[in-house]
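Residues per chain are reported as follows:
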Amino acid sequence: MPPTRKSLKEVIADLEARNSLSKPDADSLRDAPRWSLTKAEITGYLGGGIIAVGLTWIIIAIAQDLSRVTVYFVLYVVGAVTFAIARWLHPRGVRSAQVSEVLFGLGVGSLAGAIGLTLNDLDVRGSIAVAIVSTLTIIVGLTTCTRTSFVGTLLVVSAAQPLLGSISDSVHLSEFLFPLVIILSGALLVALGLQRVGAPLVARVVGSASIVMGSVAFAATNDGGFQPILSIAMCSTLFYVGARQIDLELIVGGGIGITIAMGILAARTFDALVMQGAVVTITGVVVSALSLTLIKHRGANPT
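Residues numbered from 1 in each chain as written. Predicted model: local features only at pLDDT ≥ 70, side-chain atom pairs only at ≥ 80, totals over all residues. Heavy atoms only, no water.

(A) Broad picture of the environment of Gln-161. The topology assignment puts Gln-161 in helix 7 (residues 151-171). Given the relative accessible area of 33%, Gln-161 is considered partly exposed. Along the primary structure Gln-161 and Ser-134 are separated by 27 residues, whereas in three dimensions their C-alpha atoms are 8.7 Å apart. Sequence-distant contacts of Gln-161, defined by excluding residues within four places in its chain, comprise Ser-185 and Ser-210. (Helix = DSSP H or I, 4+ residues; strand = E, 2+ residues; numbered from the N terminus. Buried < 20%, exposed > 50% of the residue type's maximum accessible area, 1.4 Å probe, protein only. Contact = heavy atoms within 4.5 Å.)

(B) Spotlight on a nonpolar patch on the surface. A cluster of nonpolar side chains, contributed by Phe-73, Val-77, Val-81 and Ile-85, occupies part of the molecular surface with about 340 Å² of accessible area. Following the sequence through the fold, Ile-85 ends up in helix 4 (residues 68-89). (Patch = residues over 30% accessible without salt bridge, like charges linked within 9 Å, V, L, I, M, F, W, Y side chains within 5 Å. Areas by Shrake-Rupley, 256 points an atom, 1.4 Å probe, with all protein chains shown as cover. Salt bridge = Lys/Arg side-chain N within 4 Å of Asp/Glu carboxyl O.)

(C) Focus on the pattern of salt bridges. Summed over the entire model, instances satisfying the criterion amount to one salt bridge. The residue Arg-204 makes a salt bridge to Glu-249 at a minimum N-O spacing of 2.4 Å. With Arg-204 in helix 9 (residues 200-220) and Glu-249 in helix 11 (residues 248-269), the pair connects residues that are 45 residues apart, well separated along the chain.

(D) The arrangement of unusual backbone geometry in detail. Positive phi outside glycine occurs at Asp-123, with the angle close to 65°. Along the chain, the position of Asp-123 falls in the loop between helix 5 (94-121) and helix 6 (126-144). Residue class for Asp-123 comes out exposed when judged on its relative accessible area of 72%. Even without being a glycine, Ala-199 presents a positive backbone phi close to 50°. The residue Ala-199 is located in the loop between helix 8 (177-193) and helix 9 in this model.

(E) Inspection of the side chain of Ser-208 at higher detail. The residue Ser-208 is located in helix 9 in this model. Residue class for Ser-208 comes out buried when judged on its relative accessible area of 3%. When residues no more than four places from it in sequence are discounted, the contact partners of Ser-208 are Val-190, Leu-238, Glu-249, Leu-250 and Gly-253.

(F) Looking closely at the packing of helix 10 (residues 226-245) against helix 11. Put simply, helix 10 and helix 11 touch, their axes get as near as 8 Å, and they point 160° apart. Comparing the axis directions of helix 10 and helix 11 gives the class roughly antiparallel. By crossing handedness, the relation of helix 10 to helix 11 is classed as left-handed. Here Pro-228, Ile-229, Ser-231, Ile-232, Cys-235, Ser-236, Leu-238, Phe-239, Val-241, Gly-242 and Ala-243 of helix 10 come into contact with helix 11, specifically with Leu-250, Ile-251, Gly-253, Gly-254, Gly-255, Gly-257, Ile-258, Ala-261, Met-262, Ile-264, Leu-265 and Arg-268. (Axes fitted to C-alpha atoms, helices over the stretch in contact; angles between N-to-C directions. Parallel < 35°, antiparallel > 145°, perpendicular 65-115°, else oblique. Left-handed = near helix turned anticlockwise from the far one by under 90°.)

(G) Here's a closer look at helix 9. Its 21 residues place the ends of helix 9 30 Å apart at the C-alpha level, agreeing with the 30 Å of an ideal helix rising 1.5 Å per residue. Considered for burial, the residues of helix 9 that qualify are Ala-203, Arg-204, Gly-207, Ser-208, Ser-210, Ile-211, Val-212, Gly-214, Ser-215, Phe-218 and Ala-219. Taken together, the buried residues of helix 9 touch helix 7, helix 8, helix 10 and helix 11. Looking at the residues trailing helix 9, positive phi occurs at Asn-222, about 60°. (Expected span 1.5 Å × (residues − 1).)

(H) Looking closely at helix 6. Taking 1.5 Å of rise per residue, the 19 residues of helix 6 would be expected to cover 27 Å, and the 27 Å separating its terminal C-alpha atoms lies within 8% of that figure. Inspection of helix 6 places Ser-127, Ala-129, Ala-131, Val-133, Ser-134, Thr-137, Ile-138, Gly-141 and Thr-144 among the buried residues, and these make up the whole buried set.

(I) Highlighting the environment of Ser-170. Along the chain, the position of Ser-170 falls in helix 7. Sequence separation between Ser-170 and Ala-131 is 39 residues, and the spatial gap between their C-alpha atoms is 9.2 Å. Those residues within four positions of Ser-170 in sequence are excluded, and the remaining contacts are Arg-125, Ser-127 and Ile-128.

(J) View of the side chain of Ser-127. Note that Ser-127 resides in helix 6. If we ignore the near neighbours within four places in the chain, the residues touching Ser-127 are Ser-166, Asp-169 and Ser-170.

(K) Structural detail: the packing of helix 7 against helix 9. Contact pair helix 7 / helix 9: the axes reach a minimum separation of 9 Å and the direction vectors enclose 20°. Looking at the two axes, helix 7 sits roughly parallel to helix 9. Here the hand of the crossing between helix 7 and helix 9 comes out left-handed. Counting all contacts with helix 7, which are made through Thr-153, Leu-154, Val-157 and Gln-161, the residues of helix 9 involved are Val-202, Ala-203, Val-206 and Ser-210. Within the contact of helix 7 with helix 9, the residues separate by chemical class into five nonpolar, three polar and no charged. (Nonpolar A, V, L, I, M, F, W, Y, C, P; charged D, E, K, R; others polar.)

Structure, rendered in structure tokens:
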């Protein structure tokens, strides 16, 4: 279990109590916006996005009048050139770093498309080709997510679901196993989002959503009570991690998953709608009580 984090307000209060931070400075930190972008970052993201759209437009326009072999060649060249430009731009200031990350993502996409088309022409099965391309993209994302502000994590997140779908199509996962694979992929994304990577919130949000969707799908399989109970346990784990880490997206995801799974269990256990509603209501009360307990426990044991 990852260590419990302190909230920003608690850190400021501790520093102020130890006289490591003056009251005016503490008040300034409390009033400061949680999210902000510098002018250099805004123009960098905007410029990089426009360049990416323009290059993609050019590639599509050129590809319409070219043979497949030439299209492969263009995609490989575009990928290599954008990689080179991204590498050249990255150490040249904040604005250039943002543009370089956008170009890096475009380069990965270009090479991924080229590799996918090449595998298709080699008569590689579609699901296997998608699995290969997605795996390569995830490897690139994992190797760069700690050194980039957003693109590495976005590559991992964007390639995770195609990889999952290709695996399901290749091995023909059963209705029972497929939701568990979705839950596993979500758990891995949440674990990634708890590390020191760029754009960790994206990984946690997508991972939390995957766990909730997988848990609900798993709870709905068959007609027994085992699946909903196991889904409740998995969503409770997500909720607990979110409460310890003070990550709202995990808390909300876990709470939604627990409520839906409990509703499915109640519908299979009780015929009366009043009883089903009562069970869901009690679940909400329990979740709220647990939240308060965890918060108080975290306050008493901050480390």
